[in-house]
Amino acid sequence: MCGIAGIVGPKATQENILPMLETQKYRGPDFADFYCETNKIALGHNRLSIIDLSSNAHQPFTSDCGNFVLVFNGEIYNYIELRNELRFQFNFTTQSDTEVLLNAYKAWGEDCLSKLNGMFSFALWDKKQQKLFAARDRFGVKPFYYFVDQEHFYFASEINTLFAAGITKTANEKVWLGYFLQGDYGLPTETFWKDIAQLPGGHFLTYAAGNINVRRWYFFENKVHLWRNQTQKEEQEYITQLLLKAVNLRFRADVPVGFNLSGGLDSSILLALIDQQNIDKSTIEGFTFVTHDERYDELKWVQDMLAQRPYDLNICLLQATEVPELSLKLAQHQAEPYGGIPTLAYSKIFQLAGQKGIKVLLDGQGSDEAWAGYDYYTHQSNSNIQGVTQSPFRPEVLDADFAQKHIKTNYPKPFADDLLNLQYRDLFYTKIPRALRFNDRVSMLYGTELREPFLDYELVEYVFSRPVDLKIKSGVQKWMLRKIAERFLQKELVLAPKRPLQTPQREWLSEDLKEWVRSEVEKLYAHSWFDQNALRDELNLFFSGNHQSSFHIWQWISAAQILR
């Protein structure tokens, strides 16, 4: 897990690549270096050492033939198997997954991508062809941002890194409008900043002679259709083995590994799957956050789960008084809106893990999307926000001329089944892309790597393809997952309903932090996007007790902090 950056074109110099590496140095505090052919190509890398901690695995990594130079962010979990497959073709000099990735490209070209089980974004320079090849993993776990003009191609792991290279910082009104009016965070190609694009998950690009070509390499729909025509004889056992394999692969590391825990089903199953691994459990630690509000804290559940287990528990406290400073820090660091106070609380976990030298954490992200776990799946609405009964948006606070520019986002529907289309939307366009971005930033800020076993592509493809009654049966969501859980967990955990990851956000914003909220939102009064009077009226309505939802309040705080 690292940070990557690069420039192709006349401005590719040491002087220009170094500020980019400095901006994202927390992503890779263990080592930083660059490769440069002045005025042609500059590649930079910030290393967080996870696999093969030796200097031999430093990047940029040059092939033994001298023709290819690679910068890579992420992990190839099946690197041992691929290394064994490639060992007769190449002489390996390291134990790293980086060298495996480079040789896989040499052996199979772009087809190597389909052989990789991992989370990755990388860029590889071909000296002979004068061509850059870059790719991103299937679900876009690892980020890849880029800017292109007539003479240059810039890329980086973070948006702020591109700003450090001199890219103009101009708000993308289309995406901001979608955020205010639909709760969208942009399409997989977009960001909140004009002319800064994302390489979508499951895509690769080439850049040569001033021309960029972006192509898709992962066709999830095709995989699902193939699986829908197949059924394993012992389906429950087959899925159980997929789950165990996904967790096992994500324990491959040469550094300590821990896990994040809440009181929900997904965390419980993750913990049970960790129990089943043939690994040294004495060094594995758990992490959970609390706010000391008994209406929301799940500490009792977590402590009960760990009571008969050998794992130490680290309890990470977020207090209301920390929110003003921490929210500004994360807003400026994310460079785009993020998920509110729960994300702040989540960041405390990574901060403590980083301080303790635990560089890798596992969590339960991705289970709800594959297993149809959100409440709106049961009535198949178009909502993308869990746990609300009325609209969380306030379109009336926007300037009328600005609001009229809004173009509603319509998501593709590649399946005949409405439920599958909702799940597909959440996997590739809404829930997962934004959660992965939030999580990447808060983990990497503290030099820690987050791994998500439930997003293993083999697991997601198969579970997604299963009939509806395997996911939702007699009104019970995640039905088969709960059946599997019965092997490992006490009954009350298996039967526990889905609970959104909660903090006292509504209470803090309307009471404890009322004056701070007012001062932040007032910064938008003079902004051309907003109607000052309507904004003030809605804010007062929230303070007077109408706070069934606080999402719109957080939208305004985010805008004030990011656009300032």
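These remarks concern the structure in this document. (Residues numbered from 1 in each chain as written. Predicted model: local features only at pLDDT ≥ 70, side-chain atom pairs only at ≥ 80, totals over all residues. Heavy atoms only, no water.)

**Let's talk about the packing of helix H21 (residues 514–522) against helix H22 (residues 532–543)**
This is how the line gets drawn: Axes, fitted as lines to C-alpha atoms, cover a helix only where it is in contact. Angles between the N-to-C directions of the axes lie from 0 to 180 degrees. In DSSP terms, a helix is any run of H or I states spanning at least four residues, a strand is any run of E spanning at least two, and both are numbered starting from the N terminus. Throughout, the term roughly parallel applies to angles under 35 degrees, roughly antiparallel to angles over 145, roughly perpendicular to angles from 65 to 115, and oblique to all others. In this scheme, a crossing is called left-handed if the near helix is turned counterclockwise away from the far one by less than a right angle; it is called right-handed if the turn is clockwise. We call two residues contacting when some pair of their heavy atoms lies within 4.5 Å. For this classification, the nonpolar set comprises Ala, Val, Leu, Ile, Met, Phe, Trp, Tyr, Cys and Pro, the charged set comprises Asp, Glu, Lys and Arg, and every other residue, Gly included, is treated as polar.
Orientation of H21 relative to H22, taken along the N-to-C sense of each, is 170 degrees, at an axis distance of 11 Å. As summarised for this structure, H21 and H22 are arranged roughly antiparallel, according to the angle between their axes. The way H21 lies across H22 gives a crossing that is right-handed. Residues Lys514, Val517, Arg518 and Val521 of H21 lie in contact with H22, whose contacting residues are Leu535, Leu539, Asn540 and Phe543. When its residues are assigned to classes, the contact of H21 with H22 shows five nonpolar, one polar and two charged.

**Things to note about the pattern of salt bridges**
Side-chain pairs of opposite charge can arise where the charged atoms are in close proximity. In plain terms, the rule: One side-chain nitrogen of Lys or Arg within 4 Å of one carboxyl oxygen of Asp or Glu is enough to make a salt bridge. Only protein chains enter the area calculation, which uses a 1.4 Å probe; residues under 20% of their type maximum are buried, those over 50% are exposed, and those in between are partly exposed.
Tallied over the entire structure, the rule returns 33 salt bridges. A salt bridge links Glu173 to Lys405; the nearest nitrogen and oxygen atoms lie 3.2 Å apart. Highlighted residues: Glu173 in helix H5 (residues 173–182) and Lys405 in the loop between helix H13 (400–403) and helix H14 (418–428), separated in sequence by 232 residues. When the shortest N-O distance is used, the salt bridge between Glu449 and Arg451 registers 2.5 Å. On the basis of relative accessible area, Arg451 is assigned to the buried category, the value being 0%. Connected through salt bridges with shared partners, the residues Arg27, Lys142, Glu158, Asp440 and Arg441 form a single ionic network.

**Topic: the packing of helix H11 (residues 341–356) against helix H15 (residues 431–444)**
Where H11 contacts H15, the axes come no closer than 8 Å and their chain directions differ by 40 degrees. With respect to H15, the element H11 is oriented oblique. As H11 runs across H15, the sense of the crossing is right-handed. On the side of H11, the interface is formed by Thr343, Tyr346, Ser347 and Phe350, while H15 contributes Phe438, Asn439, Val442 and Ser443. Its residues assigned to classes, the contact of H11 with H15 shows four nonpolar, four polar and no charged.

**A closer look at the state of the cysteines**
The following threshold applies: Two cysteine sulfur atoms make up a disulfide if the distance between them is within 2.5 Å.
The tally for this structure, following the rule as stated, stands at zero disulfides. Note on Cys2: no disulfide assigned, nearest cysteine sulfur contributed by Cys112 at a separation of 18 Å. The structure places no disulfide on Cys65, whose sulfur is separated from the nearest cysteine sulfur, that of Cys112, by 15 Å.

**A closer look at the sheet that holds strand E8 (residues 145–148)**
Worth spelling out the cut-off: Strands pair, by our definition, only if DSSP identifies at least two bridges between them.
If you trace the six strands from one edge of the open sheet to the other, you get E2-E3-E1-E9-E8-E10, paired in antiparallel fashion. Edge positions in the sheet fall to strand E2 (31–37) and strand E10 (197–198), since each of these pairs with one other strand and no more. With respect to the sheet, helix H1 (residues 14–23) is in contact with strand E1 (2–8), E2, strand E3 (41–47) and strand E9 (153–156), its orientation differing from that of E1 by roughly 155 degrees.

**Observations regarding the nonpolar core**
Under the convention used in this document: Put simply, buried Ala, Val, Leu, Ile, Met, Phe, Trp, Tyr and Cys residues joined by side-chain atoms within 4.5 Å make one nonpolar core.
Counting residues in each nonpolar core, the largest one holds 85 residues, and the members touching the most others are Leu113, Phe122, Phe139, Phe220, Ile239, Phe259 and Leu427. Among the elements that make up this core, the one with the highest residue count is helix H8 (residues 265–275) (seven residues). Leave out the neighbours within four places in its chain, and Phe220 touches Tyr424, Leu427, Phe428, Val460, Glu461 and Phe464. Counting residues in hydrophobic clusters, the runner-up holds 76 residues, among them Ala156, Val323, Ala335 and Ala560.

**What about unusual backbone geometry?**
Residues Gln59 and Pro60 are joined by a peptide bond in cis, for which omega reads 0 degrees. Along the chain, Pro60 falls in the loop between E3 and strand E4 (61–62). You will see that Ser474, though not glycine, has its phi angle at about 55 degrees, which is positive. Among the secondary structure elements, Ser474 is positioned in the loop between strand E18 (472–473) and strand E19 (476–477).

**Topic: the sheet that holds strand E13 (residues 257–260)**
Spatially, the five strands line up as an open sheet ordered E15-E14-E13-E16-E17, and their pairing is parallel. Looking at which strands have only one partner, the edges of the open sheet turn out to be strand E15 (312–317) and strand E17 (449–451). Taking each pair of neighbouring strands and ignoring which way they run, the sheet shows an average axis angle of 30 degrees. Sheet analysis places strand E14 (residues 285–290) next to E15, joined by six bridges and oriented parallel. Within the sheet, the bridge partner assigned to Phe287 lies in E15 and is Asn314.

**Some details on the pairing of E3**
Successive residues of a regular strand alternate their side chains across the two faces of the sheet. A large share of E3 lies buried, amounting to seven of its seven residues. Side chains Ile41, Leu43, His45 and Arg47 of E3 all project onto a buried face; the interleaved residues Ala42, Gly44 and Asn46 project onto the opposite face, where all are buried too. By the bridge criterion, seven bridges tie E1 to E3 in an arrangement that is antiparallel. Note on E3: the bridge partner recorded for Cys2 is Arg47. Summarising the sheet, E2 and E3 pair through seven bridges and their orientation is antiparallel. By the bridge assignment for E3, Phe34 is matched with Gly44. Count of turn residues in the E2/E3 antiparallel hairpin: three residues, of which Asn39 carries a positive phi of about 65 degrees.

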